[in-house]
Amino acid sequence: MKMKRIRLLFYCLSIFAMLSCAGSKGQGSDQAAQLPPPHINCPEGGDCSFEIMKNSVLNLTYGNTGDLYPEVIEGDKIVVKFHFEKKTAKDVMDSGYSEYVYLEFDPADKQIILKDKELQKVKMIFGRICYCKGAMGYFTVQQGDLFLFHREGNLQLRTTFKVNKVPQIVKQIDENIKY
């Protein structure tokens, strides 16, 4: 009986959270555009989304232990955020798994082509968030290539990359995004 009450409470809180988020979707739409999952090439077994944040910058900070933390703040650049969320078993606790790719670029740059360590010119980072002891966090991308073409609300993004510090599912992104 106690377990049923916990499940009911969790269910009610989940519904409340979804409803509270639904009311704020229209706010700030001139700053960020998010594509729904059906328009995105996504690895099997998960859902993906893109967020394009205009008038922003990607602030990278390091904690006391050397861990990297990304923060998107107001600025004069465009920040791209790709999110992959693995489909998980609903009844398994701590089974959540996500990967993120962030990068920023100057809106005046119409075409960017970078390779390996040059990827840090756009602050490209990869994040793996899960209950994976010792194999999670955010990491700078030092190996790969990037082609980005940007014009009038259209973004063409092609990248292949590898992060040697943790396993990864997302190794390439190939998208044409209207925002």
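This one's a predicted model, so the numbers in the text were calculated from it and none came from an experiment.

Enquirer: For the pairing of strand β8 (residues 137-140), give the residues involved together with the corresponding values.
Expert: Across 4 bridges, the pairing between strand β7 (residues 125-130) and β8 is antiparallel. The partner of Gly-127 across the bridge, within β8, is Tyr-138. Connecting β7 to the antiparallel partner β8 that follows it, the hairpin turn spans 6 residues, and Gly-134 within it adopts a positive phi of roughly 75°.

Enquirer: Explain the state of the cysteines to me, using residue names and the numbers behind them.
Expert: Cysteine pairs can be covalently joined through their sulfur atoms, and such a bond is termed a disulfide. If you walk through the whole model with that rule in mind, you get 2 disulfides. Each sulfur in the disulfide pair Cys-42 and Cys-48 lies 2.1 Å from the other. When the S-S torsion is 70°, as for the bridge of Cys-42 with Cys-48, the disulfide is right-handed. A relative accessible area of 2% means that Cys-48 is categorised as buried. There is a disulfide in this structure between Cys-130 and Cys-132, and the S-S distance comes to 1.8 Å.

Enquirer: Hey, could you go over the nonpolar core for me, with residue numbers and the actual values?
Expert: Core analysis: the largest hydrophobic core is formed by 33 residues, its most contacted members being Phe-82, Leu-103 and Phe-105. Looking at this core, the elements that each hand over two or more residues are β2 (46-62), β4 (77-86), β5 (97-105), β6 (111-115), β7, β9 (143-151), β10 (154-162) and β11 (172-178). Every residue in contact with Leu-103, bar those within four places of it in the chain, is listed here: Leu-58, Ile-78, Val-79, Val-80, Val-122, Lys-123, Met-124, Leu-146, Leu-148 and Leu-157. Among the nonpolar cores identified, the runner-up in size contains 8 residues, and Met-53, Leu-68, Ile-125 and Tyr-138 belong to it.

Enquirer: So what's going on with the side chain of Arg-128? Which residues, and what values?
Expert: Examined against the element boundaries, Arg-128 turns out to sit in strand β7. Buried and unpaired, Arg-128 has no salt bridge, with Glu-99 as the nearest side chain of opposite charge at 4.7 Å. Polar contacts involving the side chain of Arg-128 include one to the side chain of Tyr-97, which spans 3.0 Å. Engagement of the side chain of Arg-128 in a polar contact is seen with the backbone oxygen of Ala-135, the distance being 2.5 Å. Ignoring any residue separated from it by four or fewer positions in sequence, one finds Arg-128 in contact with Tyr-97, Ser-98, Ala-135, Met-136, Gly-137, Val-166 and Pro-167.

Enquirer: Can you explain the confidence of the model for the protein chain? Please cite residues and give values.
Expert: Looking at the protein chain, the pLDDT average stands at 83 and 78% of residues meet or exceed 70. Taking the mean pLDDT of every element in the protein chain, the minimum, 39, falls on helix α1 (residues 2-22) and the maximum, 98, on β6. Confidence drops under pLDDT 50 across residues 1-30; counting only partners more than four residues distant or on other chains, this segment forms 1 contact.

Procedures and definitions
Residues numbered from 1 in each chain as written. Predicted model: local features only at pLDDT ≥ 70, side-chain atom pairs only at ≥ 80, totals over all residues. Heavy atoms only, no water. Pairing = 2+ DSSP bridges. Helix = DSSP H or I, 4+ residues; strand = E, 2+ residues; numbered from the N terminus. Disulfide = S-S within 2.5 Å. Buried < 20%, exposed > 50% of the residue type's maximum accessible area, 1.4 Å probe, protein only. Core = buried A, V, L, I, M, F, W, Y, C linked by side-chain atoms within 4.5 Å. Contact = heavy atoms within 4.5 Å. Lys, Arg positive; Asp, Glu negative; His and termini not counted. Salt bridge = Lys/Arg side-chain N within 4 Å of Asp/Glu carboxyl O. Polar contact = N/O pair within 3.5 Å; in protein donor to acceptor, adjacent residues only side chain to side chain. pLDDT = per-residue confidence, 0-100.

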